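Observations on chain architecture
Spelled out, the chains give:
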Amino acid sequence: MRKAYIAGNWKMNLTPSEGARYAAELAAAVKEAGVDCRVMIAPAFVAIPAVVEAVKGSPIIVAAQNMANHTSGAYTGEVAPAMLKDAGVKTVILGHSERRQYYGETDEIINSKVILALSEGMDVVLCVGETLDERQGGRLEEVLSRQIKVGLKDVSAEDMARITIAYEPVWAIGTGMTATPEDADGAHSFIRATVASLYSDDIAKNLIIQYGGSVKAGNIKALMAKENVDGALVGGASLSLEQFLPIITYNK
Ligand code: PGA
């Protein structure tokens, strides 16, 4: 049985004080509502310590949105896994399409980050997804298959228990265009089959696959009703309690 996992990717929004204020409200609301899914929030690096402090004692997971692919040294502007762990973070989102698109992250770079995060004992949310051109050109499966095979290269079967995959069609991110629940389920089922072929049916069956791309209170229920949709990676609608709470309480 896969436990629902809903994550909020704050991207480059919310300062440390804004983030801490909202995270404290969210922690109280999660407790009050008796939320039973796993809830994660990913603030900007500088907001992490304040947000970790604000959710102390709550089951909310605080994650990073990215991480260096080196352990330490002369890498100006980068943040190492040990720094994240020391700040109380043990989960990292890797391979987000904005990292791929705007910062030139290739599948190989993302794979090196995945391997490093796992070797540091961290959990990973690996993002994959096709652009509109790729989808319209009939290349959906080819793109997903490459992103998964290269992204997970050299990841052991045992470490797969610490991997979550987020399917985020690039054309649906921040555009208001959501994949239909059927589109999402189809892509998730392809991702699960790819993981089964690389590992085993059991590992594929236990893999949590989140959908991301314009997830809101109004569409979460229909998405989560699909067999292969196990959670969500939410951007815009994760930035306020008003919008995020109805998403994490979709089953209440
Ligand atoms: P969105 O972003 O919900 O604003 O579309 C999702 C994401 O990029 O993780």
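Below, the structure is looked at part by part. Given the structure is predicted, the values throughout are model-derived calculations rather than measurements.

**A short note on the pairing of strand β4 (residues 91–94)**
Taking every second residue as pointing to the same face, both faces of β4 are buried, with T91 and I93 on one and V92 and L94 on the other. Inspection of the sheet shows strand β3 (residues 61–64) paired to β4 by two bridges, in the parallel sense. Bridge pairing links A64 to V92 in β4. The parallel pair β3 and β4 is bridged by helix α3 (residues 81–86), and the resulting crossover is right-handed. As judged from the four bridges shared by β4 and strand β5 (residues 123–128), these two strands associate in the parallel manner. Within β5, the residue paired with I93 across the bridge is V125.

**Side note on the packing of aromatic side chains**
What the rule picks out here adds up to three aromatic pairs. A ring pair is formed by W10 and Y22, whose centres lie 5.4 Å apart and whose planes are at 25°; its orientation type is stacked. Of this pair, W10 sits in the loop between β1 (5–9) and α1 (16–33) while Y22 sits in helix α1; the two residues are 12 residues apart in sequence, bridging distant segments of the chain. Ring geometry for Y167 versus Y211: centroids 6.3 Å apart, planes at 55°, classification tilted. Taken as a pair, Y167 in strand β6 (residues 163–167) and Y211 in strand β7 (residues 208–212) lie far apart in primary sequence, 44 residues in all. Y211 sits in the buried class, given a relative accessible area of 1%.

**Looking at the pairing of β1**
Of all the five residues making up β1, five are buried; the element is thus mostly covered by neighbouring parts of the structure. The sheet contact formed by β1 and strand β2 (residues 38–42) spans five bridges and is parallel. Residue Y5 lies in a different strand from β2, and its bridge partner there is R38. Running through α1, the crossover from β1 to the neighbouring parallel element β2 is right-handed. Where β1 meets strand β8 (residues 231–234), four bridges bridge the pair, whose relative direction is parallel. Bridging from a neighbouring strand, G8 pairs with V234 of β8.

**Focus: unusual backbone geometry**
Here K11, not a glycine, exhibits a phi torsion of approximately 50°, which is positive. Inspection of the secondary structure assignment puts K11 in the loop between β1 and α1. Residues other than glycine seldom take positive phi values, yet S214 does so here, at roughly 55°. Along the chain, S214 falls in the loop between β7 and α10 (220–224).

Cut-offs applied
- Residues numbered from 1 in each chain as written.
- Predicted model: local features only at pLDDT ≥ 70, side-chain atom pairs only at ≥ 80, totals over all residues.
- Heavy atoms only, no water.
- Buried < 20%, exposed > 50% of the residue type's maximum accessible area, 1.4 Å probe, protein only.
- Helix = DSSP H or I, 4+ residues; strand = E, 2+ residues; numbered from the N terminus.
- Pairing = 2+ DSSP bridges.
- Right-handed = clockwise from strand over helix to strand, strands pointing away.
- Phe/Tyr/Trp six-rings, centres within 6.5 Å; stacked < 30°, edge-to-face > 60°.

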